[in-house]
Amino acid sequence: MVREVLAQGRADSETELFGWVRTARHSKSLSFLELVDGSCMAGLQVVVEPSLPGYEGIRSLRTGCALRVSGRLVDSPGKSQSVELHAKDVELIGDVDDDYPLQKKRHSFEFLRTLGHLRFRTNTLGAVIRVRNSAAQAIHRFFQDRGFLWLHSPIITALDAEGAGEMFRVSTLDAGSPPRNDSGEVDFSQDFFGGETLLTVSGQLEAEIGALSMGNVYTFGPTFRAENSNTSRHLAEFWMVEPEMAFCDLDGDAELAEDFLKCVIRSILEDCPEDMAFFQQRIDEGLMERLDRVVSAPFERLTYTEAVEILEGSGRDFEFPVKWGVDLQSEHERYLTEEHVGRPVVVTDYPIDIKAFYMFRNDDERTVRAMDVLVPGVGEIVGGSQREHRLEVLRERLRHHGLSEERYGWYLDLRRYGSVPHAGFGLGFERLVQFVTGMANIRDVIPFPRVPGNAEF
RNA sequence: UCCCCGGUAGCUCAGUUGGCAGAGCAAGCGGCUGUUAACCGCUGGGUCGUAGGUUCAAGUCCUACCCGGGGAGCCA
């Protein structure tokens, strides 16, 4: 691979490589081919002399051609690379038609999104895919090092996770004329699973089952929301990381979230220095400084009540006025993390009426032990809470939300049989990749974005 | 779903008060003694998003629709 050759290639060694031409420069007496293979940002410069048999064919090579190249690695007299390959044999494996749409110039991300099968070949998407890979590995390593078990929560589910979002239905019924019951409603008892099933919006409830049996667990897999969201921060299919810890309160949860973000970011910086340098240089000038502030300083901790006081005292004229009891808007979160502290902020203890039924009720009975981690540029990257583990309080909360005890029977069972305080959070994997790379649009940090109106491939 | 902006050559864009459709890059051909998004010359390349309308005349003005982007809401 190019990565190996550049990292450890010794001058005067023989080597063979497979890859694609990124750029080809021909002069009268020489041809220069930049060969890339996806293993790293940089390409290897291949120098071809006219004395090589078949040199006429080399002159028609251009961006996109697939090649096998063998030759001798030598110190490069050029400025932009330390070694280069002097070709002894060049085989054209796959030619490109002359309407190849990728050029050796900057393309807009909008245009590249229309070429979902070719955009992987660009510097930026290549770097994103490598950083994404590195981030996924770092996430597993973080949890594995701490004894968390990877729990494979189901993708097809009958739970709606209490209104986390609109859901996609999974069904094998005839969409044109589904069976109906006496009252004219679709009869899902005749469906594949004998009942209505949906794509998961969260593995949290299943993770609680895991945590209350195995201690510390995490889920890491695809998640689906059928919301008609058209923003640079939302996908209909995205990956989510959801740790859940038994014998743990919100403080432990917030601590884990902070350690987690710092560890994963450090790991990526170490693992992908070239890709990160590219993002700093071409995508976001403030990237490294921002990431440094994340890994080097403690996150700010604020209660919701304190956050509201800060916002009220800011002298800012927000579009949505701040008032205790209403949820923080994007502009409020931005002000807190980007301007007030300039680092990630953990906001805790939100009003009970704007949060889900399963969150632990504080003694004041008007707030719950919920937290959001806000980061500059992206906003909410983590949302979590300590869960309500007290049977009677949970029953009361269910009643208050108009939810039936029968439906949540198994959830109540977990509180009847050896219940313990437990807590967890959900992290949007693509939002993490966005934050780490500085990419503006979430559609450019996932290989195959699914958004309203588009699910190509 | 709502608000704002945009759609002109393969790509990135310019196009003035309504008056002959433009540039750079890419492609094709030629040149160039080691290039770095190489460079230099020449050539080809257009249903101006779609459908209507106003006008002697529409890329330009009006209406509707489609698509894209930014912001908001929903959230991760």
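## Some remarks on the confidence of the model for chain A
Part 1 of the argument: This prediction gives chain A a mean pLDDT of 92; 99% of its residues lie at or above 70.
Part 2 of the argument: Strand β6 (residues 149-150) holds the highest mean pLDDT among the elements of chain A, 98, whereas helix α2 (residues 55-58) holds the lowest, 84.
Part 3 of the argument: Both scores are available for the predicted complex, with the pTM at 0.93 and the ipTM at 0.88.

## Quick word on a negative patch on the surface
Part 1 of the argument: Taken together, the side chains of Asp-95, Asp-97, Asp-98 and Asp-99 make up a negatively charged region of the molecular surface.
Part 2 of the argument: Note that Asp-98 resides in the loop between β5 (83-94) and α3 (109-113).

## Examining the protein's contact with RNA strand B
Part 1 of the argument: Taken together, 52 residues sit near RNA strand B, with Glu-84, Thr-231, His-234, Gln-329 and Arg-431 positioned nearest.
Part 2 of the argument: One of the side-chain N or O atoms of His-234 is found 2.9 Å from a base nitrogen in RNA strand B.
Part 3 of the argument: With respect to RNA strand B, the backbone of Ile-381 contributes an N or O atom lying 2.8 Å from a sugar or linking oxygen.
Part 4 of the argument: Of all the secondary-structure elements, those providing two or more residues to the surface near RNA strand B are β1 (14-26), β5, α3, β11 (237-246), α10 (330-340), β15 (379-386) and β16 (422-428).
Part 5 of the argument: Class assignment for the residues of the surface near RNA strand B results in nine nonpolar, 24 polar and 19 charged.

## Description of the packing of aromatic side chains
Part 1 of the argument: Summed over the entire model, instances satisfying the criterion amount to 20 aromatic pairs.
Part 2 of the argument: Plain terms: the ring middles of Tyr-304 and Tyr-350 are 5.4 Å apart, the flat faces sit at 45° to each other, and that makes the pair tilted. Highlighted residues: Tyr-304 in helix α9 (residues 304-312) and Tyr-350 in strand β13 (residues 345-351), separated in sequence by 46 residues. You'll find Tyr-304 and Tyr-350 in the same group, each marked buried.
Part 3 of the argument: With centroids separated by 5.4 Å and ring planes inclined at 75°, the aromatic side chains of Trp-410 and Tyr-411 adopt a geometry described as edge-to-face.
Part 4 of the argument: Given the relative accessible area of 27%, Trp-410 is considered partly exposed.
Part 5 of the argument: Here Tyr-411 falls in the buried class, since its relative accessible area comes to 0%.

## Let's talk about the side chain of Arg-22
Part 1 of the argument: In this fold, Arg-22 is placed in strand β1.
Part 2 of the argument: In this structure, Arg-22 is buried with no salt-bridge partner, the nearest side chain bearing the opposite charge being Glu-34 at 5.4 Å.
Part 3 of the argument: Once you skip the residues sitting within four places of it in the chain, Arg-22 turns out to touch Glu-34, Val-36, Thr-63, Arg-121, Thr-122 and Asn-123.

## Side note on the pairing of β16
Part 1 of the argument: A large share of β16 lies buried, amounting to seven of its seven residues.
Part 2 of the argument: Of the two faces of β16, the one holding His-422, Gly-424, Gly-426 and Gly-428 and the one holding Ala-423, Phe-425 and Leu-427 are both buried throughout.
Part 3 of the argument: For β11 and β16, the ladder comprises five bridges, and the chain directions are antiparallel. Bridged to Ala-246 within β16 is His-422.
Part 4 of the argument: Pairing analysis gives five bridges linking β15 to β16, with the strands arranged antiparallel. By the bridge assignment, Gln-386 is partnered in β16 with Ala-423.

Cut-offs applied
- Residue indices begin from 1 for each chain and proceed along its sequence in written order.
- As they are written, the chains are lettered A onward and the ligands numbered 1 onward, keeping that order.
- Residues qualify for local features only when their pLDDT is at least 70, as the model is predicted, and side-chain atom pairs are given and counted only at 80 or more; totals for whole chains, interfaces and linings, by contrast, use all residues.
- Based on all heavy atoms of the structure, the side-chain values leave hydrogens and waters out of the count.
- pLDDT: the predictor's confidence for each residue, scored from 0 to 100.
- Put simply, DSSP marks the helices as runs of H or I at least four residues long and the strands as runs of E at least two long, and each gets a number from the N terminus on.
- Each patch is built from residues lacking any salt bridge and having more than 30% relative accessible area; the joining distance is 9 Å for like charges and 5 Å for nonpolar side chains (Val, Leu, Ile, Met, Phe, Trp, Tyr).
- What sets the accessible areas is the Shrake-Rupley method with a 1.4 Å probe; for residues, cover comes only from the shown protein chains.
- Any Lys or Arg side-chain nitrogen found within 4 Å of a carboxyl oxygen on Asp or Glu counts as a salt bridge.
- Neither His nor the chain ends is counted toward charge; the positive residues are Lys and Arg and the negative residues Asp and Glu.
- The location of each charge is read from NZ of Lys, CZ of Arg, CG of Asp or CD of Glu.
- The criterion for a residue being near a molecule or strand is simple. One of its heavy atoms has to lie within 4 Å of it.
- Whenever two N or O atoms come within 3.5 Å, that pair is a polar contact, provided that in protein one can donate a hydrogen and the other can accept it, and provided that, for residues adjacent in sequence, both atoms are side-chain atoms.
- Each residue gets one label: Ala, Val, Leu, Ile, Met, Phe, Trp, Tyr, Cys and Pro are nonpolar, Asp, Glu, Lys and Arg are charged, and the others, such as Gly, are polar.
- Only rings of Phe, Tyr and Trp enter the pairing, Trp through its six-membered ring, and a pair is recorded when the two centres are within 6.5 Å. The plane angle decides the type: under 30 degrees is stacked, over 60 is edge-to-face, the rest tilted.
- Residue burial is assigned from relative accessible area. The probe radius is 1.4 Å, only protein chains are included, and a residue is buried under 20% of its type maximum, exposed over 50%, and partly exposed in between.
- Any two residues whose heavy atoms approach within 4.5 Å at even a single point are treated as in contact.
- Any two strands are treated as partners once DSSP identifies two or more bridges connecting them.

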